[in-house]
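# Coordinates in review
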Amino acid sequence: MAKAAPVSTKSRVAAQAKSKTSNAMWGGRFSEAPSALMQRINASIFFDHKLYAQDIRGSIAHAQMLAEQKIISAAEAKQMVAGLKQIEKEIAAGKMVWREELEDIHMHVESRLKEIIGPVAGKLHTARSRNDQVATDFKLFVRDKMDEMDAALQTLQATLLARASQHANDLLPGFTHLQIAQPVSFGHHLLAYVEMFGRDRSRLQDARKRMNESPLGSAALAGTPYPINRHHTAKSLGFSAPTANSLDGVSDRDFTLDFLSAASISMMHLSRLAEELIHWSTPFFGFVTLSDAFTSGSSIMPQKKNPDAAELVRGKTGRVYGSLMALLTTLKALPLAYNKDMQEDKEPLFDAAEQWSICVAAMNGMMADMKVHTKRMDEVAGWGYATATDLADWLVRELGLPFREAHH
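Residues numbered from 1 in each chain as written. Predicted model: local features only at pLDDT ≥ 70, side-chain atom pairs only at ≥ 80, totals over all residues. Heavy atoms only, no water.

## With respect to the overall build of the protein
Formally: Runs of H or I in DSSP of at least four residues are treated as helices and runs of E of at least two as strands, each being numbered from the N terminus. Between the two quantities, the radius of gyration covers C-alpha atoms and the globule rule is 2.2 Å times the number of residues to the power 0.38. Relative accessible area decides the class of each residue, using a 1.4 Å probe on protein chains only: under 20% of the type maximum gives buried, over 50% gives exposed, and in between gives partly exposed. Residue contacts are defined here by distance: any two heavy atoms, one from each residue, within 4.5 Å place the two residues in contact. Neither His nor the chain termini are counted; the positive set is Lys and Arg, and the negative set is Asp and Glu. In plain terms, the charge of a residue is placed at NZ if it is Lys, CZ if Arg, CG if Asp and CD if Glu.
When its secondary structure is counted, the protein shows 16 helices and six strands. Over its C-alpha atoms the protein spans a radius of gyration of 29 Å, topping by over 25% the 22 Å that the globule rule assigns to 408 residues. In terms of overall dimensions, the protein has C-alpha extents of about 105 × 55 × 45 Å along its principal axes. Taking all 408 residues of the protein together, 45% fall into the buried category. When contacts within the protein are restricted to residue pairs at least 6 apart in sequence, those whose partners lie at least 24 apart make up 77%. Between the mean site of the 47 positive side-chain charges and the mean site of the 46 negative ones, the protein shows a separation of 8 Å.

## Overview of the nonpolar core
One broad rule of soluble globular proteins: the nonpolar side chains tend to lie buried together. Put simply, the rule is: Throughout, nonpolar core names a set of buried Ala, Val, Leu, Ile, Met, Phe, Trp, Tyr and Cys residues whose side chains join them through atoms within 4.5 Å.
By size, the foremost hydrophobic cluster in this structure holds 82 residues, and its most contacted members are Leu-160, Phe-259, Leu-270, Leu-277, Trp-356 and Met-363. Sort the elements by how many residues they give to this core and helix 11 (residues 254-280) lands first, with 13 residues. Contact partners of Leu-270, with chain neighbours within four places excluded, come to Leu-156, Phe-197, Val-313, Trp-356, Cys-359, Val-360 and Met-363.

## Digging into the layout of surface pockets
Rules: In this analysis the probe radius is 1.4 Å and the grid spacing 1 Å, with only protein atoms considered; a cavity is a set of points the probe fits into but cannot get out of, a pocket is an open set with protein on both sides within 12 Å along at least five of seven lines, and lining residues have an atom within 4 Å of a point. Grid points are joined across faces, edges and corners, and a volume is the space filled by probe spheres set on the points.
Considering only enclosed or pocket space, the second largest pocket measures out at about 300 Å³ in volume. Where the lining of the second largest pocket is concerned, the elements lending two or more residues are strand 1 (171-176), helix 8 (186-211) and helix 11.

## A few points about the packing of aromatic side chains
Basically, it comes down to this: Any Phe, Tyr or Trp ring, taking Trp's six-membered ring, that has another such ring centre within 6.5 Å forms a pair; planes under 30 degrees apart are called stacked, those over 60 apart edge-to-face, and the others tilted.
The final tally for this structure, using the stated rule, is seven aromatic pairs. Plain terms: the ring middles of Phe-186 and Trp-280 are 5.6 Å apart, the flat faces sit at 70° to each other, and that makes the pair edge-to-face. Placement of the pair is Phe-186 in helix 8 and Trp-280 in helix 11, with a sequence separation of 94 residues. We classify Phe-186 as buried; its relative accessible area is 0%. Taken together, the ring pairs connect Phe-138, Phe-141, Phe-255 and Phe-350 into an aromatic cluster.

## Some details on helix 4 (residues 52-68)
Short version of the rule: Expected span of a helix, by definition, is 1.5 Å for each gap between consecutive residues, and there is one gap fewer than residues.
Taking 1.5 Å per residue as the helical rise, helix 4 with its 17 residues ought to reach 24 Å, and the 24 Å between its terminal C-alpha atoms agrees with that figure. Burial runs high along helix 4: 12 of the 17 residues are buried. Within the sequence span of helix 4, burial applies to Gln-54, Asp-55, Ile-56, Gly-58, Ser-59, Ile-60, Ala-61, His-62, Ala-63, Met-65, Leu-66 and Ala-67. Packed against the buried residues of helix 4 are helix 5 (74-92), helix 6 (105-117), helix 7 (130-166) and helix 9 (230-236). Just past helix 4, the residue Lys-70 takes up positive phi, approximately 65°.

## A few points about the environment of Val-97
The residue Val-97 is located in the loop between helix 5 and helix 6 in this model. When the C-alpha atoms of Val-97 and His-108 are compared, they prove to be 9.0 Å apart, with 11 residues separating the residues in sequence.

## With respect to the pairing of strand 2 (residues 179-185)
Each regular strand displays side chains that alternate between the two surfaces of the sheet. In plain terms, the rule: Note: two strands are recorded as paired if DSSP finds a minimum of 2 bridges between them.
Sheet topology note: the strand 1/strand 2 ladder contains six bridges and is antiparallel. Considered in strand 2, the bridge of Phe-175 is made with Ile-180. Turn length for the strand 1-strand 2 hairpin, with the two strands adjacent in sequence and antiparallel, is two residues, and the turn residue His-177 shows positive phi of about 60°.

## Quick look at unusual backbone geometry
Of note, the bond from Leu-336 into Ala-337 is cis; its omega dihedral lies within 30 degrees of zero at 5°. For Ala-337, the position within the fold is in the loop between helix 12 (308-331) and helix 13 (346-369). We note that Lys-70 has phi near 65°; this positive angle belongs to a residue other than glycine. Inspection of the secondary structure assignment puts Lys-70 in the loop between helix 4 and helix 5. If you check the backbone angles, Leu-178 has positive phi at about 60° while not being a glycine.

## Let's talk about a nonpolar patch on the surface
Spelled out, the test is: Distance thresholds for patches are 9 Å for like charges and 5 Å for nonpolar side chains (Val, Leu, Ile, Met, Phe, Trp, Tyr), applied to residues having over 30% relative accessible area and no salt bridge. We get accessible surface area from the Shrake-Rupley algorithm with a probe of 1.4 Å; when it comes to residues, only the shown protein chains can shield them. Whenever Lys or Arg places a side-chain nitrogen within 4 Å of a carboxyl oxygen from Asp or Glu, that contact is recorded as a salt bridge.
A contiguous nonpolar patch, built from Leu-221, Leu-247 and Leu-336 and spanning about 270 Å² of accessible area, is present on the exposed surface. Residue placement: Leu-336 occurs in the loop between helix 12 and helix 13.

## Here's the deal with the pattern of salt bridges
Applying the stated criterion to the full structure yields 19 salt bridges. A salt bridge links Arg-210 to Asp-206; the nearest nitrogen and oxygen atoms lie 2.9 Å apart. Pair noted here: Arg-210 and Asp-206 are both in helix 8, with a separation of four residues, about one helical turn. Classification of Arg-210 as partly exposed rests on a relative accessible area of 46%. Residue Asp-206 is classed as partly exposed on the basis of its relative accessible area of 41%.

## Description of the packing of helix 4 against helix 7
A pair of packed helices is captured by two measures, namely the crossing angle of their axes and the spacing between those axes. Quick reminder of the rule: What counts as an axis is a line fitted to C-alpha atoms, over the stretch in contact for a helix, and the angles between N-to-C directions run from 0 to 180 degrees. Roughly parallel means an angle under 35 degrees; roughly antiparallel means over 145; roughly perpendicular covers 65 to 115; every other angle is labelled oblique. Here is the rule for handedness: rotate from the far helix to the near one, and if that takes an anticlockwise turn smaller than a right angle the crossing is left-handed, while a clockwise turn gives right-handed.
Direction vectors running N to C along helix 4 and helix 7 enclose 120°, while the axes themselves pass 9 Å from each other. In this view, helix 4 runs oblique relative to helix 7, as classed from their interaxial angle. Here the hand of the crossing between helix 4 and helix 7 comes out right-handed. Where helix 4 abuts helix 7, its residues Gln-54, Asp-55, Arg-57 and Ser-59 lie against Gln-133, Asp-137, Leu-140, Phe-141, Arg-143 and Asp-144.

## Some points on helix 15 (residues 388-399)
With 12 residues, helix 15 ought to run about 16 Å at 1.5 Å a step, and its terminal C-alpha atoms sit 16 Å apart, in line with that. One or two positions beyond helix 15, positive phi appears at Gly-400, with a value near 70°.

## Observations regarding the side chain of Arg-253
Along the chain, the position of Arg-253 falls in the loop between helix 10 (246-251) and helix 11. Residues in contact with Arg-253, not counting those within four places in the same chain, are Val-134, Ala-135, Phe-138, Leu-331, Tyr-338, Met-342 and Asp-345.

## Here's the deal with the side chain of Ser-218
Summarising the element assignment, Ser-218 is placed in the loop between strand 3 (213-214) and helix 9. On the basis of relative accessible area, Ser-218 is assigned to the buried category, the value being 0%. When neighbours within four sequence positions are excluded, Ser-218 is seen to be in contact with Asp-132, Gly-223, Arg-230, Thr-243, Ser-246, Gly-249 and Val-250.

Below you can see the structure in the form of C-alpha cells.
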C-alpha cells in the first residue's frame with residue numbers, strides 16, 4: 001500500500017488555524033467550521049439548559065470518583081468541584097450567556113469550568129462521553145420530576161379528600177350515559193378521583209424504581225478502559241445500581257416514555273374531572289360555582305363567567321398525548337446505540353412536565369375554592385325516577401319477586 005504524502009508544516013498550520021473555527025470540544029479532526037444552518041439544527045442549549053443542576057451533580061460525582069480511583073489527583077478534583085459549584089450559582093443567578101456554538105449544557109459547563117480553573121478542567125471528561133453524561137443528566141431530571149409530580153398529586157388527593165369529607169352526606173345525581181341513573185353521595189363521587197390520582201402516583205413510583213439505574217460509566221457505548229467505580233457514582237447520585245449494559249445505558253429512553261405515559265393517563269383523569277366541572281358550573285346543572293380565580297369573562301357578554309381553567313386542562317391533555325406520540329415515533333426505528341435523534345427527547349418531556357404540573361395545580365385550586373350548591377344537587381338527584389332501581393330491589397327483598405320481574 002502506498003504511503004500518504006507527508007503534510008507540509010505550512011499546510012498543517014493552516015488546517016489548525018481553520019479548526020479553531022470548529023467546535024473546540026470535538027472538532028479536532030475537522031478543518032472547517034459547521035455551517036450556520038448545521039450549528040442551528042445541532043444546538044440544543046436553548047432548551048437543555050434546564051438540565052444544568054443535574055449536569056453539575058453528575059460532574060461532581062464523576063470528579064470525586066476519578067480522584068478516589070486515582071485517575072486524577074485529589075487536588076484536581078477539589079478544583080473541579082469548587083468550580084462546578086460556582087457555575088451552578090452563576091446559572092441560577094442568570095449570569096450564564098447561552099452560546100449556540102457551544103451546542104449544549106454540557107459544553108457550556110465544561111467551557112466555563114476551563115475559564116475558572118484552567119486546563120485541568122479538560123480532565124473532567126476522562127472516562128466519560130457526552131452519551132452517558134446526557135443519559136445520566138436526563139435520568140436525574142426525570143426522576144426529580146417524578147418526585148415533584150407524585151407530591152403534587154398527593155396534594156390534589158388531600159384537597160379532594162377534604163371536600164369529600166365535607167359532602168359525605170350530600171346527594172347528587174349519579175350518571176351513566178350522561179343520563180340520570182341513581183343518587184350518590186357527592187363525597188363518594190369525589191373519592192373516585194382520589195382513586196384515579198392514586199393510580200397515577202403508583203405508576204410514577206413503579207417507573208421510578210425501574211429507571212433508577214445509573215448510565216454513567218457507559219461512555220460512548222462500549223465502556224471505558226479506565227479503572228472507574230460505577231457503583232461509587234451510582235450511589236453518589238442516588239441510583240440503586242449502575243446499568244448492566246453499556247449500549248442500553250446510553251440509548252435507553254424508556255424512562256422518558258414511562259413518564260410521558262404516566263403524564264398522559266393522569267391528564268386524562270384531570271380532563272374527566274375538568275369536563276364534570278364544566279358541566280356542573282353551567283346553569284343547566286347549577287351544582288357548583290367556580291371562583292373568580294379560575295374563571296374569566298367575555299369581551300362582549302358582560303354576564304358571562306367562563307370555566308377557562310377547566311377548559312384549558314381539558315385542552316392541554318391532547319398536547320401531553322402529542323409529546324408521548326412524538327417520542328415514541330422518534331425512537332421506533334433507532335439502531336443501537338446513541339443517535340442524534342435522541343436530542344429530540346427533551347423538548348416533548350420538558351413541555352409535558354410543565355403542562356401536567358400546571359394542570360394539577362390548577363385543578364387543586366379549582367377544587368379547593370369552588371362553591372357547592374347542595375340544595376340544587378339534591379333536587380336534581382330525584383329527577384328521572386332516579387330511585388327506580390331501589391324500588392326494584394325492595395320488591396325483590398320484601399316480596400320475593402325475581403329481579404327481572406321486579407325490573408319490568
